[in-house]
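Survey of secondary and tertiary structure
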Amino acid sequence: MNVRDSEAAAALLSAAGYEQAASEADADLVIVNSCSVRAKAEEKALGKLGLLCASRRDHPGRLVGLMGCMAQRLGEAIFKKIPGLDFSVGTRRAGAIPRLVARVLAGERGLLETSSQDEIPDVPDAHVEDMGFSAFVTILLGCNRRCAYCIVPDVRGREYSRPAREILAEIAALARHGVREVTLLGQSVMNYGRMNPVWDETDPPSPGGYREPFPRLLEAVAAIPGVLRIRFTSGHPSGCTDELVRAMASLPQVCHHLHLPVQSGSDPILKAMRRGYTRERYLEAVGKLRAAMPDFALTTDVIVGFPGETEADFEATRTLMDEAGFDNAFIFKYSPRPGTPAAQMPDDVSDEEKMRRNQVLLADQDRRGSALNEALVGTVQEVLVEGRSLRNAERWAGRSPGNKIVVFDPVEGLEPGTLAKVAITRAAPQTLYGEVVR
Ligand code: 5AD
Ligand code: SF4
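Below or above, wherever it landed, is the structure these notes cover.

Empty space among the atoms becomes apparent when a probe as large as a water molecule is rolled across them. Under the counting rule described, the total for this entry stands at 2 cavities of 30 Å³ or more. In this structure, the largest cavity encloses a volume near 150 Å³. Lining the largest cavity we find 15 residues, and of these Asp5, Thr91, Ala94, Asp122 and Arg156 sit closest to its centre. Sorting elements by how many residues they give to the lining of the largest cavity places helix H1 (residues 2-15) first, with 3 residues. Looking at the lining of the largest cavity residue by residue, the classes come out as 7 nonpolar, 4 polar and 4 charged. Two domains each put at least three residues into the lining of the largest cavity: domain 1 (2-113) and domain 2 (128-374). In this structure, the second largest cavity occupies an estimated 50 Å³ of space.

Set out below in structure tokens:
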């Protein structure tokens with residue numbers, strides 16, 4: 001989501017007449033886009049801002065700004081931490097960036113622009129030129145859940161779904177400029193259209209008979225010429241409705257892949273986290289997706305060391321991860337966030353123990369991921385061809401529907417930005433290798 005917001009900021013500044021610098025060292029203006037989800041991410045952003053302000057010694061007059069979740073969370077307090085900061089702009093006010101830059105150029109300093117929780121956000125379009133083949137498109141902002149550990153509802157505000165028409169116009173423009181794969185973004189993306197209307201009476205009804213707003217959006221995106229692939233993230237088990245599963249299984253453009261954060265495999269911890277499902281309900285949702293899509297790929301997020309997590313809770317997470325059969329997993333050490341319900345609970349798992357649990361889950365996942373990749377040897381994967389491989393310029397690479405990197409030798413007539421069928425001959429933990437078949 002931050003990548004998408006950064007692109008939007010760049011697009012706004014280009015439209016205002018600024019030019020993108022060749023590198024950070026050349027830039028007269030640098031804006032740090034920040035994340036508040038864990039303390040470490042905030043520390044990194046602060047460190048970077050400090051260095052940028054200090055860099056004015058060699059680069060006089062350089063402008064330094066902050067955007068995103070940390071700007072929203074800290075408000076005025078950011079100027080105490082980083083006195084040299086020129087401006088700070090919160091999550092729903094990206095549209096103000098060109099105006100703030102103009103005011104700083106006119107001599108003002110320390111400008112702050114944050115938003116209220118329920119303000120209808122600015123959602124500037126991203127760049128449509130030079131996007132490559134794959135682009136992010138924000139469809140839903142904010143989050144109305146209140147998972148006990150999570151700062152996102154505080155910093156990204158109430159849930160708001162963009163009107164379908166606006167999203168479809170943005171994707172059509174991207175597709176005209178060569179984008180072939182879109183990833184629809186939202187904190188709880190399947191909630192699209194549940195809190196505010198997104199379709200109006202003048203919109204044509206869904207040809208597939210979808211009544212829920214999100215499957216209906218998937219269908220409409222799939223109908224846009226040039227869109228070869230659709231992904232969306234992140235999911236929640238409550239969103240895995242029959243209509244959604246039908247749309248995923250039957251619309252050929254929708255990748256059979258879902259990022260479905262589980263966070264924990266232990267019921268008492270899930271309850272304390274206020275995740276709104278049990279282990280069984282989570283596995284039920286996974287079962288439903290796998291039944292409809294035999295080639296379904298599943299990825300997840302897990303938090304280790306949530307307050308009160310015992311060895312038995314941790315073991316439950318390990319067994320759940322095996323049962324669910326994750327293709328990939330992002331493991332995070334719990335980090336208390338100020339103002340969240342979990343911050344009131346004792347952070348009682350030591351840092352060494354969090355580290356140990358993190359390592360155990362990573363090692364489990366390496367084994368599991370390798371075995372799942374091995375099982376793909378002998379299959380034919382449809383790959384969105386990206387071009388030269390980063391590691392070996394002789395070979396080409398692309399991604400499978402399950403979002404795995406596939407490396408192969410280019411063949412006559414094969415163009416980047418098209419779909420190719422690749423027979424998988426070899427698997428490594430993070431990569432598949434194969435040959436193009438016709
Ligand atoms: N501590 C650690 N991890 C967190 N996440 C969200 N909040 C926290 C926190 N306080 C993780 C969750 C989420 C991912 C984006 O970040 O796993 O899915
Ligand atoms: Fe945070 Fe939970 Fe909302 Fe995800 S669903 S953004 S974890 S509050």
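Turning our attention to unusual backbone geometry. The omega torsion across Thr233 and Ser234 is -5°, close enough to zero to call that bond cis. Along the chain, Ser234 turns up in the loop between strand S9 (229-233) and helix H9 (242-250). Although it is not a glycine, Gln263 adopts a positive phi angle of roughly 70°. For Gln263, the location among the structural elements is in the loop between strand S10 (257-259) and helix H10 (267-273).

Okay, the site of ligand 1 next. In the vicinity of ligand 1, the contacting residues are Val37, Arg38, Tyr149, Gln263, Asp301, Ile303, Phe332, Lys333, Tyr334, Ser335 and Arg337. At 3.0 Å, a side-chain N or O of Arg38 approaches an oxygen atom of ligand 1. At 2.7 Å, a side-chain N or O of Gln263 approaches an oxygen atom of ligand 1. Bound to the protein, ligand 1 loses 86% of the 400 Å² it would expose on its own. Contributing elements (two or more residues each) for the shell around ligand 1: strand S11 (297-304) and strand S12 (328-333).

Calculation criteria
- Residues numbered from 1 in each chain as written.
- Chains lettered and ligands numbered in written order.
- Predicted model: local features only at pLDDT ≥ 70, side-chain atom pairs only at ≥ 80, totals over all residues.
- Heavy atoms only, no water.
- 1 Å grid on protein atoms, 1.4 Å probe; cavity = no way out; pocket = protein on both sides within 12 Å on 5 of 7 lines; lining within 4 Å.
- Points joined across faces, edges and corners; volume = space filled by probe spheres on them.
- Helix = DSSP H or I, 4+ residues; strand = E, 2+ residues; numbered from the N terminus.
- Nonpolar A, V, L, I, M, F, W, Y, C, P; charged D, E, K, R; others polar.
- Domains from an automatic or database assignment.
- Near = heavy atom within 4 Å.
- Polar contact = N/O pair within 3.5 Å; in protein donor to acceptor, adjacent residues only side chain to side chain.
- Areas by Shrake-Rupley, 256 points an atom, 1.4 Å probe, with all protein chains shown as cover.

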